[in-house]
Amino acid sequence: QYSPDSVAGADGELDPTAVTFPGCSCRRSSCQAPECPCLSRGHNYSSQGLLRLAEQQEQPFSRPVFECNSLCCCGEGCQNRLVQRGLRLRLQVFRTQRKGWGVRALEPVPRGSFVCEYAGEVLGFAEAQRRIQAQTPQEPNYIIAVREHLHDGRVMETFVDPTRIGNVGRFLNHSCEPNLFMVPVRVDSMVPKLALFAAADISAGEELSYDYSGRFHNSPGAGREHKPLEEENSLRKPCYCGSRTCASFLPWDGSLFSTP
């Protein structure tokens with residue numbers, strides 16, 4: 001079932017549509033930093049609608065993005081409303097030679113552009129673990145686990161499963177040298193939208209990909225992927241990205257497979 005936005009999972013633990021953030025009181029048509037509290041929380045966009053990337057490269061970790069929301073006083077044309085407007089680019093799902101389905105751009109995509117969201121059912125840990133343990137090694141896994149490391153040492157986890165309900169993001173392939181990177185973008189609540197942005201200028205017809213491990217645009221140790229045990233290698237899937245630095249296997253995180 002196609003859904004442009006994430007929905008609450010069958011476990012009903014998290015509702016991504018709930019409005020829990022206060023709105024800004026900016027009266028201008030487009031908010032500006034540092035007056036706007038939404039913009040002061042993290043990264044923001046340029047007047048061309050591009051994610052500002054320069055500061056991100058200077059820091060070991062990505063900063064969050066908070067967009068203006070439904071309770072904000074600014075107008076719908078505010079430049080701090082980007083991901084919430086949804087897909088704007090022309091994308092095509094196509095059959096690749098070795099990787100199954102893939103996605104390519106049908107138009108040039110400038111660096112820093114919002115490409116699409118990875119949308120699906122938002123699950124709690126228990127349901128995500130139940131679903132992933134019920135899969136056979138032959139089945140494709142679409143469940144993504146995103147972990148955000150806060151300054152005080154806490155870790156926020158978001159699990160999204162587009163297996164049954166999702167959007168075009170579920171067809172994006174992994175690459176060890178990707179042209180997209182994922183940023184959690186918050187609009188109305190702490191449940192983030194998993195937004196994918198262009199890491200470089202992308203040509204029309206070029207396949208779109210991101211690093212499933214989350215390493216890209218973060219420090220090398222940012223991902224929680226560990227060196228798999230030999231017996232776990234049987235569960236891993238080969239990587240066919242073809243890049244010079246290909247790791248031979250798709251990224252692995254065994255935490256959803258482990259038992260308490």
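Residues numbered from 1 in each chain as written. Predicted model: local features only at pLDDT ≥ 70, side-chain atom pairs only at ≥ 80, totals over all residues. Heavy atoms only, no water.

In the annotation of an unreviewed UniProt entry, the protein chain is listed under the name SETMR methyltransferase and assigned to Irena cyanogastra. Among the UniProt annotations of the protein chain, the heading Subcellular location (unreviewed entry) holds the following wording: "Chromosome". (UniProt positions renumbered as here; feature names shortened; annotations may be inferred.)

Participant: I'm lost on the overall build of the protein chain in this one. Help?
Facilitator: The helix and strand tally for the protein chain stands at two helices and 12 strands. What you see in the protein chain, going N to C, is helices and strands ordered as β-α-β-β-β-β-β-α-β-β-β-β-β-β. Expressed as a percentage of its 260 residues, the buried residues of the protein chain come to 45%. Long-range contacts, defined here as pairs at least 24 residues apart, represent 68% of the contacts in the protein chain between residues at least 6 apart. For the protein chain, the accessible area works out to roughly 13,500 Å², and carbon and sulfur atoms hold 51% of it. (Helix = DSSP H or I, 4+ residues; strand = E, 2+ residues; numbered from the N terminus. Buried < 20%, exposed > 50% of the residue type's maximum accessible area, 1.4 Å probe, protein only. Contact = heavy atoms within 4.5 Å. Areas by Shrake-Rupley, 256 points an atom, 1.4 Å probe, with all protein chains shown as cover.)

Participant: So what exactly am I meant to see when it comes to the sheet that holds strand E1 (residues 7-8) here?
Facilitator: The pairing of strands in a sheet happens through backbone hydrogen bonds and is either parallel or antiparallel. Taking strand neighbours across the sheet as the criterion, the four strands line up as E1-E6-E8-E7 in an open arrangement whose pairing is mixed. Edge strands, defined here as strands with exactly one partner in the open sheet, are E1 and strand E7 (144-149). (Pairing = 2+ DSSP bridges.)

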